[in-house]
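A look at the structure
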Amino acid sequence: MAEEVKLLKTWSSPFGLRAFWILKLKGVQFDFIDEDLSNKSPLLLQSNPVYKKVPVLIHNGKPISESLVILEYVDETWKQNPLLPEDPYERARARFWAKFGDDKVLASIWNAFIKQGKEQEEAIGLAIETLKFLEEELKGKRFFGGEKIGLPDLALGWLANLIGVFEEVIGVKLIEKERFPLLSAWMQEFAEAPVIKESWPPHEKLVTKFRAIREPYVAAAAQPK
Amino acid sequence: MANEVVLLDFWPSMFGIRVRIALAEKGVKYEYKEEDLKNKSPLLLQMNPVHKKIPVLIHNGRPFCESPIIVQYIDEVWKDKAPLLPSDPYQRAQARFWVDFIDKKMYDSLRKTWTTKGEEQEAAKKEFFEVLKTLEGQLGDKPFFGGDNFGYVDLSLIPFYCWFYTYETCGKFNVEAECPKFIAWVKRCLQRETVAKALPDGKKVFEFVSAMRTNLGLE
């Protein structure tokens, strides 16, 4: 049977980008659809009835949702260029850092992005504390996956381009080279890796989008209490 | 090399119970260490410096944190007995999806049924029943979420049951009345010795929670 692989994502979603990356890195032939989230396609609603979100991978008609679940599925189904190591201990560590990225790093940076005034200062402090764990984890490693890109690199990869976008919008540097030399080096190396470097959404378009997302938070904070 | 397995845990933790069930299913001998969460041991802080939380599995000195990651590790290492995850990649993806769903949806809505009052509590109850209905839909006519066999999703969900007496009493609702299929599944799981032994008594959990609720000014 001919293999049919379809990816539902959006032009900007960092979660969709992860799925896009792994399919490209594995050399899988696939189609993708950039959804308009204000007008979700019947295919999306039908394929992910629980969350109605992107990304969704549809493999021979069968849908898989949640980006980290998609990454592991693709890694298990197309065995070339493995993303996860063989050793169970190393696999557990890879999963841990991928999850840490989503549960803690993303949440803390998002808070630093949307909060204002004193709350923002505190949020930035917390984000920096969280990022220190990543800096520590990179000691002696080129990527989180070791010598080559692994699951945690794809999971944390959004840092390599979105941090710059957030920093531009809020006017604060979150990842300073002096404080985070390893993380800064990783961001650069990841951003310029084959396949990854061809896939970044346009920077200016992202700045415009996230500036617009931040607007209501700024306006709310400016309201007299 | 000796196979040394230690579990840092807290008796009513549904996440810890998952690991206890997984180890029991695999017949793994281990040392259980009860943590006082108000006074965390140096071992816990050393083994889980990032989150400082239980459960932590320590296998031959190496730490594993986050219950879904621990359970998958157990399944990969002790692979000759009682497979917990399906062997088919698509089925595995579905199992991981549903455990992720449980972790995103069950804990927070349930916690609010005993830590809040009034409108907030009502909203939490509503959300909880929606989650259960979704899970019932996923279960369908199968005996277990894993199909014919008890598996990863079942193991990840059943520990919440020992908290049901607490939720029902604090929230004044009855799960069996609303979701009989769900309770039928619970009863099937409880027939397994590994599950029955791992789940603490619901009333004991309630006593523990009552003390906490008094401190929170809710009683």
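Keep in mind the model is a prediction, meaning the values are calculated, not measured. (Residues numbered from 1 in each chain as written. Chains lettered and ligands numbered in written order. Predicted model: local features only at pLDDT ≥ 70, side-chain atom pairs only at ≥ 80, totals over all residues. Heavy atoms only, no water.)

**Things to note about a positive patch on the surface**
A contiguous patch of positive charge, built from K104 of chain A together with K40, K52 and K53 of chain B, is present on the exposed surface. Looking at the secondary structure, you find K52 of chain B in the loop between α2 (42-47) and β3 (56-59). K52 of chain B sits in the partly exposed class, given a relative accessible area of 38%. (Patch = residues over 30% accessible without salt bridge, like charges linked within 9 Å, V, L, I, M, F, W, Y side chains within 5 Å. Areas by Shrake-Rupley, 256 points an atom, 1.4 Å probe, with all protein chains shown as cover. Salt bridge = Lys/Arg side-chain N within 4 Å of Asp/Glu carboxyl O. Lys, Arg positive; Asp, Glu negative; His and termini not counted. Charge placed at Lys NZ, Arg CZ, Asp CG, Glu CD. Helix = DSSP H or I, 4+ residues; strand = E, 2+ residues; numbered from the N terminus. Buried < 20%, exposed > 50% of the residue type's maximum accessible area, 1.4 Å probe, protein only.)

**Comments concerning the pattern of salt bridges**
In the structure shown here, the tally under the stated rule is 31 salt bridges over all chains. Close ionic contact of E122 of chain B with K125 of chain B constitutes a salt bridge, the shortest N to O distance being 3.1 Å. Here the residue E122 of chain B and the residue K125 of chain B both occupy positions in helix α5 (residues 118-139), the gap between them amounting to 3 residues, near one helical turn. Residues joined by salt bridges that share partners form a network here, namely E72, E76, R91 and R95 of chain A together with E76, R92 and R96 of chain B.

**A closer look at the packing of helix α4 (residues 89-115) of chain B against helix α7 (residues 164-171) of chain B**
Residue and element names in this part refer to chain B. It is at 8 Å that the axes of α4 and α7 come closest, and there the two elements cross at 50°. Relative to α7, the element α4 is oriented oblique. Where α4 crosses over α7, the two elements pack in a sense that is left-handed. Between α4 and α7, the residues in contact are L110, T113 and W114 and Y167, C170 and G171, respectively. Grouping the constituent residues of the contact of α4 with α7 by class yields 4 nonpolar, 2 polar and no charged. (Axes fitted to C-alpha atoms, helices over the stretch in contact; angles between N-to-C directions. Parallel < 35°, antiparallel > 145°, perpendicular 65-115°, else oblique. Left-handed = near helix turned anticlockwise from the far one by under 90°. Contact = heavy atoms within 4.5 Å. Nonpolar A, V, L, I, M, F, W, Y, C, P; charged D, E, K, R; others polar.)

**Comments concerning helix α5 (residues 117-137) of chain A**
Residue pairs three or four apart in sequence face the same way in an α-helix, which turns once every 3.6 residues. All names here are of chain A. With 21 residues, α5 extends 31 Å between its outermost C-alpha atoms, agreeing within 8% with the 30 Å of an ideal straight helix rising 1.5 Å per residue. Among the residues making up α5, those that are buried are Q120, A123, I124, A127, I128, T130, L131, L134, E135 and E137. Looking at the buried residues of α5, the elements they touch are α4 (88-114), α6 (151-156), α7 (158-170), α8 (181-191) and α9 (203-222). (Expected span 1.5 Å × (residues − 1).)

**Points about the side chain of K26 of chain B**
Residues and elements named next belong to chain B. The topology assignment puts K26 in the loop between α1 (14-25) and β2 (31-34). At 3.1 Å, the side chain of K26 forms a polar contact with the backbone oxygen of A82. Once residues lying within four places of it in the same chain are set aside, the contact partners of K26 are I74, D75, W78, K79, K81, A82, P83 and L84. (Polar contact = N/O pair within 3.5 Å; in protein donor to acceptor, adjacent residues only side chain to side chain.)

**Describing the confidence of the model for chain B**
With 99% of its residues at a pLDDT of at least 70, chain B reaches an overall mean of 94. Scored as a whole, the predicted complex attains pTM 0.95, and scored at its interfaces, ipTM 0.95. (pLDDT = per-residue confidence, 0-100.)

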